[in-house]
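Remarks on the overall topology
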Amino acid sequence: GLREALTLRSAHSHQPRRFGCDDAGMARSHPILAMVTTLYLIVIVVLTFVGGDEQHPPSALWSLLAFFVVGVLLTVLSTPRRWWVDLGFGVLGAAWIEAAQTVWRPPGYASVVDLAAGALGVALGVGVVVVVRFVRAREQVNHSTAAVPR
């Protein structure tokens, strides 16, 4: 589940995973989380074009919160060392949505403020997972060194 995805332990070992290890299948090892992420991204895209009043587009706060979740989900599904890829894909997704709104929605619906809020949301989401992983890795190291008799 989410707790296991946040940890730095390998599925086949009790040793903490090194940040340099390449996990060839985080999505394969967490298929339910991968499915939830996919469904969430589909909902965001659908709401981009279906939801909202033509005269009153959604607020920047909606973009920030929606893309915060995107940042968390993408980062939980990937390896600890690839957080920057998750950040890039999240920002690219926010930019794609605003560009698509520029083309397919009424003038003024897309906004640079929404793009900035989406990018900030992704960065905060990725940052939360990176910090949680770092703290948990420190706790595991401190716990394992405390257990070694001297």
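Computed from a prediction, not measured in an experiment: that's the story for all the values here.

A look at helix α3 (residues 31-50)
Taking 1.5 Å per residue as the helical rise, α3 with its 20 residues ought to reach 28 Å, and the 28 Å between its terminal C-alpha atoms agrees with that figure. For α3, the complete set of buried residues consists of L33, A34, T37, I44 and T48. The arc that holds the buried residues of α3, viewed along the axis, is 105°, so those residues lie on one side. Turned more than 90 degrees from where α3 packs its buried face, P31, I32, M35 and V50 sit exposed.

Describing the nonpolar core
Counting eight residues, the largest nonpolar core is built from I44, A66, F67, V70, A94, I97, V122 and V126. Looking at this core, the element that brings in the most residues is helix α4 (residues 60-77), giving three residues. Not counting the four nearest positions on each side in its chain, V122 is found in contact with F67, F68, G71, D86, L87, G90 and V91. One finds L33, A34, L73 and V76 within the second-largest nonpolar core, a separate group that totals seven residues.

Looking at the side chain of E98
Residue position: E98 is located in helix α5 (residues 83-104). For E98, which is buried and forms no salt bridge, the nearest opposite charge comes from R105, at a distance of 9.5 Å. A distance of 2.9 Å separates a polar atom in the side chain of E98 from the backbone nitrogen of S111. With near-sequence residues (within four places) excluded, E98 lies in contact with A110, S111, D114 and L115.

Focus: the packing of α3 against α4
Interhelical geometry of α3 versus α4 gives an angle of 155° and a closest axis separation of 10 Å. Regarding the angle of α3 to α4, the classification is roughly antiparallel. Like other packed secondary-structure pairs, α3 and α4 cross with a definite hand, here left-handed. The residues of α4 that touch α3, namely those facing L33, A34, T37, Y40, L41, I44 and L47, are W62, L65, A66, F67, V69, V70, L73, L74, V76 and L77.

Conventions used here
Residues numbered from 1 in each chain as written. Predicted model: local features only at pLDDT ≥ 70, side-chain atom pairs only at ≥ 80, totals over all residues. Heavy atoms only, no water. Helix = DSSP H or I, 4+ residues; strand = E, 2+ residues; numbered from the N terminus. Expected span 1.5 Å × (residues − 1). Buried < 20%, exposed > 50% of the residue type's maximum accessible area, 1.4 Å probe, protein only. Arc of directions from axis to C-beta. Core = buried A, V, L, I, M, F, W, Y, C linked by side-chain atoms within 4.5 Å. Contact = heavy atoms within 4.5 Å. Lys, Arg positive; Asp, Glu negative; His and termini not counted. Salt bridge = Lys/Arg side-chain N within 4 Å of Asp/Glu carboxyl O. Polar contact = N/O pair within 3.5 Å; in protein donor to acceptor, adjacent residues only side chain to side chain. Axes fitted to C-alpha atoms, helices over the stretch in contact; angles between N-to-C directions. Parallel < 35°, antiparallel > 145°, perpendicular 65-115°, else oblique. Left-handed = near helix turned anticlockwise from the far one by under 90°.

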